[in-house]
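Structural overview for review
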Amino acid sequence: MTFSRNNQINKLKNNDEYDLLIIGGGIIGAAALTIASNAGLNVLLVDKHDFASGASSRSTKLLHGGIRYLPQLQFSLVKESLNEQKILKKRLGSLYRPLKLLAPIYKNDGFADLPKIFQKNFIAPFAFKLGLLFYDFLGGRKKPEKHKNISKNNTFDLFPKLKKINLKKSFIFQDAQTDDSKLVLSLLRTAVEINNSTAINYLNVKNIFKKNKFYEIHLRCVLTGVEYFVTAKKIIAASGVHNLPGDYKEVSAKLKMSGGAHLVLKGDPLEINNNGVFLPKTEDERVMFVLPWNGNTIVGTTDIEEFSGTKDNPYASKEEIDYLIRHVKKYFDIEKLEYISSWSGIRALIDDENNSTKKIMRGHIIEEVDKNFIQIAGGKLTGFRLIAIEALRQLFNKKFELQNIEYQDQIINYQNYYNFSDLDHSVNHYCVATPVDYLLRRTNISWFSEDNGKQIVKKIQKHTNFQDIDFDSFNYLKKEGLIIS
Ligand SMILES: Cc1cc2nc3c(=O)[nH]c(=O)nc-3n(C[C@H](O)[C@H](O)[C@H](O)COP(=O)(O)OP(=O)(O)OC[C@H]3O[C@@H](n4cnc5c(N)ncnc54)[C@H](O)[C@@H]3O)c2cc1C
């Protein structure tokens, strides 16, 4: 059965008993669904909005080893992430894109994550070099993947817009990139169309009641108001920054939140030529990235506790946008920096009573809500396979593995302009239920077009049956900070 929303709702109507319910269709929930259904379990996944509408379409899109965690002495996290890169390269196919990152070290501008003493001019390049040597070692990297020293001349040949004054040394090292929302959608389609599981967006878990050995789950369709009741033997909540639903709210994991804004620049105005640049030091002592993304450029990110908007629709504030532009100008010779769109995502961080969100470790937790019900929170996109496997193993006490995901080329090849063929295909195979699902998460149309997709919302509504649903696409785009006027 194909992964259309109508098909998924029909399946739900014919089956109300599941081995496992997964709450949340971000990267963690989607991975858990694919892995569990591949192991023969009858699984239902629901998301109260679109799949990947939370942090999993709002990240910086790096599948990284996390070089910045070395100074925090998180060696096992870095080693694990570097090993994960190797596994994901095989499992994700074309959704795993190797990426070369330039790390320029300037006078009075050592790598912000290093202790202050190692940021001093005479030692900063050596300290960074040492970190890269250790990074290569922890990743067991062979020659072509190892970091390289780059001379100043070569640096400016490769990155002609990079600031020349005060550059002391630069290195190029290897990491990887993905397309976060397309990765989530590919995992879900694999789970539904190959493993025969069920995944439904815009279906909110209102409440959960424990009945003997089962959980009874009360679901409500956000688009039509129709209610459903199902039972499940076990539950995984992979609900990101959100509390557990209904009566379980009070026992939700304690989280801190931090907003991270990004800008999309049209084309390659900084002339990075499909490479990334690691900006070593921001005003608030962090690092930032300038990255290629599907023919355009992204800049990010900020790290602020007081994010703008809501948990469902955070947006990049004027201050954050100014901050991002200021830091690009600090490292690149560019007078006017134009951007076409911006987004913000909220990190779910484990509340370890550390004062600053910048300093909280980016690990994950798996908390037992009760015997057959767990909540996953925190973590990185890069660690999604490990986190999902760990959660399933904890719940079912057996081994699990992620299969190779399928179909990814189809969603990768969608055009970033409106056309019937991609729209119909995404409705039938990637569960598009509203215009913004297609504009923001199956394609990059809203991010990459001057009017953020405003003009085609009506065309999409007309071509599909989306006129009948209770969803205001214009308002949604506005809440995302996309349609300014
Ligand atoms: C700004 C930023 C940059 C980042 N950059 C990177 C990076 O470059 N590399 C990296 O490895 N990681 C990165 N991360 C981290 C990564 O994005 C997250 O760890 C990951 O996306 C979290 O996925 P998730 O599935 O746990 O949560 P989410 O993607 O947030 O999904 C949770 C889902 O649960 C749903 N939900 C909640 N409550 C209910 C309910 N009652 N009923 C139904 N559904 C519900 C929500 O609608 C949501 O879709 C970044 C994060 C942010 C915010």
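This one's a predicted model, so the numbers in the text were calculated from it and none came from an experiment. (Residues numbered from 1 in each chain as written. Predicted model: local features only at pLDDT ≥ 70, side-chain atom pairs only at ≥ 80, totals over all residues.)

Our next topic: the overall build of the protein. Tallying secondary structure elements over the protein gives 14 helices and 19 strands in all. What you see for the protein is a C-alpha radius of gyration of 22 Å, in line with the 23 Å of a compact globule of 485 residues. Dimensions along the principal axes, computed over C-alpha positions, put the protein at roughly 70 × 50 × 40 Å. Among the 485 residues that make up the protein, the fraction classed as buried is 49%. By sequence separation, contacts in the protein at least 24 residues apart represent 72% of the contacts at least 6 residues apart. (Helix = DSSP H or I, 4+ residues; strand = E, 2+ residues; numbered from the N terminus. Rg over C-alpha atoms; globule rule 2.2 N^0.38 Å. Buried ≥ 20, exposed ≤ 12 C-beta atoms within 10 Å, placed from the backbone. Contact = placed C-beta atoms within 7 Å.)

We now examine the site of the ligand. Lining the immediate surroundings of the ligand are 37 residues, of which Gly24, Gly26, Gly54, Gly240 and Gly260 lie closest. Mapped onto the shell around the ligand, the elements with two or more residues apiece are helix 2 (27-38), strand 8 (203-211) and strand 17 (341-350). Taken together, the residues that form the shell around the ligand break down as eleven nonpolar, 20 polar and six charged. Counting residues domain by domain, the shell around the ligand receives three or more from each of domain 1 (5-56 + 181-254 + 360-396) and domain 2 (256-350). (Near = placed C-beta within 6 Å. Nonpolar A, V, L, I, M, F, W, Y, C, P; charged D, E, K, R; others polar. Domains from an automatic or database assignment.)

With that out of the way, let us pick up the domain arrangement of the protein. Assigned domains within the protein: domain 1 (5-56 + 181-254 + 360-396), domain 2 (256-350) and domain 3 (423-479). Here the C-alpha centre of domain 2 lies 30 Å away from the C-alpha centre of domain 1. Facing ten residues of domain 1, the contacting portion of domain 2 comprises ten residues. Residues belonging to the side of domain 1 that touches domain 2 are distributed by class as follows: five nonpolar, five polar and no charged.

Here we come to the pairing of strand 10 (residues 227-237). When strand 1 (residues 17-23) meets strand 10, the two strands line up parallel, connected through six bridges. Paired with Leu21 across the bridge in strand 10 is Ile235. Note that strand 9 (residues 214-221) and strand 10 share six bridges and pair antiparallel. In the strand pairing of strand 10, His218 is matched with Phe229. The hairpin turn running from strand 9 into strand 10, its antiparallel successor, is five residues long, and Gly225 in that turn takes a positive phi close to 85 degrees. Bridge count between strand 10 and strand 19 (residues 373-378): three bridges; the pairing is parallel. Looking at the pairing, Ile235 lines up with Phe373 of strand 19. (Pairing = 2+ DSSP bridges.)

Quick look at the nonpolar core now. One broad trend across soluble globular proteins is that nonpolar side chains are buried collectively. Residues Ile22, Ala31, Ala32, Leu33, Leu188 and Ile236 are the most contacted members of the largest nonpolar core, which totals 141 residues. Sequence-distant contacts of Ile22, that is, excluding residues within four places in its chain, are made with Gly29, Ala32, Leu33, Val43, Leu45, Ile236 and Ala238. (Core = buried A, V, L, I, M, F, W, Y, C linked by C-beta atoms within 7 Å.)

On to unusual backbone geometry, then. In this structure, Thr301 follows Gly300 across a cis peptide bond, with omega equal to 10 degrees. Mapped onto the secondary structure, Thr301 falls in the loop between strand 14 (296-300) and strand 15 (308-309). Phi is positive for Asn196, close to 65 degrees, though the residue is something other than glycine. Following the sequence through the fold, Asn196 ends up in the loop between helix 6 (180-194) and strand 7 (198-200).

Side-chain direction in a regular strand flips from residue to residue, so the side chains alternate between the two faces of the sheet. Of all six residues in strand 19, six are buried, a share of seventy percent or more. Summarising the sheet, strand 18 (residues 364-370) and strand 19 pair through six bridges and their orientation is antiparallel. Within strand 19, the position partnered with Asp370 by the bridge is Phe373. From the end of strand 18 to the start of strand 19, which pair antiparallel, there are two residues.

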